[in-house]
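Notes for the structure review
So you can see what is in the structure, the chains are spelled out below.
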Amino acid sequence: QSTLRIRGEETQLHAEPVLATPLSRQRWAMSNLLVAAAGSAALLAIAGLAVGISYGLVGGGMSVVPGLLGDALVYIPAMWLMVALAFALIGLVPRGVVVAWAVLAFCFVIGLLGGVLGLPRWLMNLSPFDQVPQLPAARLPLPPPVAPLVLAFRPCVSGPAGLRLPALC
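Below is a short write-up of the structure. Here the residue numbers are simple positions, counted from 1 along each chain's written sequence. For this predicted model, a pLDDT threshold of at least 70 governs which residues receive local features, and a threshold of 80 or more governs which side-chain atom pairs are given and counted, while totals over whole chains, interfaces and linings are taken from all residues. Hydrogens are left out, water is left out, and the side-chain values use all remaining heavy atoms of the structure.

1. Some remarks on the overall build of the protein
- Numbering of helices and strands runs from the N terminus; a helix is a DSSP stretch of H or I covering at least four residues, while a strand is a stretch of E covering at least two. Looking only at helices and strands, the protein has 8 helices and 0 strands in total.
- Along the protein, helices (α) and strands (β) appear in the sequence α-α-α-α-α-α-α-α when read from the amino end.
- Burial here depends on accessible area, computed with a 1.4 Å probe over protein chains only, as a share of the maximum for the residue type. Under 20% is buried, over 50% is exposed, and the range in between is partly exposed. Residues classed as buried in the protein amount to 36% of the 169 residues present.
- The criterion used for residue contact is that any of the two residues' heavy atoms lie within 4.5 Å. Across the protein, contacts joining residues at least 24 apart in sequence account for 65% of those joining residues at least 6 apart.
- Only the protein chains shown count as cover for residues, and the accessible areas themselves come from Shrake-Rupley with a 1.4 Å probe. Summing over all exposed atoms, the protein offers an accessible surface of approximately 10,000 Å²; the carbon and sulfur share of this is 73%.

2. Points about the packing of helix α5 (residues 76–92) against helix α6 (residues 98–117)
- Note on geometry: axes are lines fitted to C-alpha atoms, helical ones only across the stretch in contact, with angles between N-to-C directions running from 0 to 180 degrees. For the pair α5 and α6, the least separation of the axes is 9 Å and the interaxial angle reads 160°. As far as their axial angle goes, α6 and α5 are roughly antiparallel. Here the hand of the crossing between α5 and α6 comes out right-handed. Residues M82, L85, A86 and L89 of α5 touch α6, and the partners they reach there are V99, A100, V103, L104 and C107.
- For this classification, the nonpolar set comprises Ala, Val, Leu, Ile, Met, Phe, Trp, Tyr, Cys and Pro, the charged set comprises Asp, Glu, Lys and Arg, and every other residue, Gly included, is treated as polar. Of the residues in the contact of α5 with α6, the class split is 9 nonpolar, no polar and no charged. In what follows, roughly perpendicular refers to angles from 65 to 115 degrees, roughly parallel to angles under 35, roughly antiparallel to angles over 145, and oblique to any angle outside these ranges. We call a crossing left-handed when the near helix sits turned anticlockwise from the far one by less than a right angle, and right-handed when that turn is clockwise.

3. Re a nonpolar patch on the surface
- For patch detection, residues must exceed 30% relative accessible area and be free of salt bridges, and they are connected within 9 Å for like charges or within 5 Å for nonpolar side chains (Val, Leu, Ile, Met, Phe, Trp, Tyr). Salt bridge criterion: a side-chain nitrogen from Lys or Arg within 4 Å of a carboxyl oxygen from Asp or Glu. The grouping of F108, V109, L112, L113, V116 and L117 at the surface amounts to a nonpolar patch, some 620 Å² of accessible area in total.
- On the secondary structure map, F108 appears in helix α6.
- Accessibility expressed as a relative area gives 57% for F108, which makes it exposed.

4. Brief notes about helix α4 (residues 65–73)
- Burial in α4 covers these residues: V65, L68, D71 and A72. Projected down its long axis, α4 shows its buried positions confined to an angular sector of 125°, all on one face.
- Buried residues belonging to α4 abut α3 (25–60). Note: the arc covers the axis-to-C-beta directions of the helix.

5. Observations concerning α3
- Expected span of a helix, by definition, is 1.5 Å for each gap between consecutive residues, and there is one gap fewer than residues. Over its 36 residues, α3 runs 49 Å from end to end, which matches the ideal 52 Å to within 8%, given 1.5 Å per residue.
- For α3, every residue scored as buried is listed here: R25, W28, A29, L33, A36, A37, S40, A41, L44, G48, G52 and G56.

6. Re the side chain of S40
- Considering the arrangement of structural elements, one finds S40 in helix α3.
- We call two N or O atoms a polar contact when they sit within 3.5 Å, provided that within protein one can donate a hydrogen and the other can accept it, with sequence-adjacent residues counted only if both atoms are side-chain atoms. Of note is the side chain of S40, whose polar atom sits 3.3 Å from the side chain of W80.
- Once residues within four sequence positions are removed from consideration, S40 is found in contact with M79 and W80.

Here you go:
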């Protein structure tokens, strides 16, 4: 949602005063991408800290806080893949940003109902969140799952390339 704000600001003409300055569309969009990436990582860190502290207060001891914080941060590659997909859609197919919402909805439904509905494993494997080990119950594989980060690199490169073109409102 934070990444898609770029498109919203352009279509509502809120970005016009900023883009009328020497700041390029690419740099403006990249700053929004940075906020989306840092914000999602910060929210995961806050969630991990909250779970760790609450578990520690209930009786697990505060020594579990660093471990549960790390367990939450394992979701960063999957989150950043979703951010990168939305960013690429904004740059390459501005009118197709609804696809980013569709992919997120697909991942949400697969994550919540995939097992209950008995969906095939290959379909469930399409979600980047399904590739994340379910810590702390599972062990973190070595090397950690970085495939989503590698996959996120290409959309983050192609998104700004599309932003060189004038906005297609």
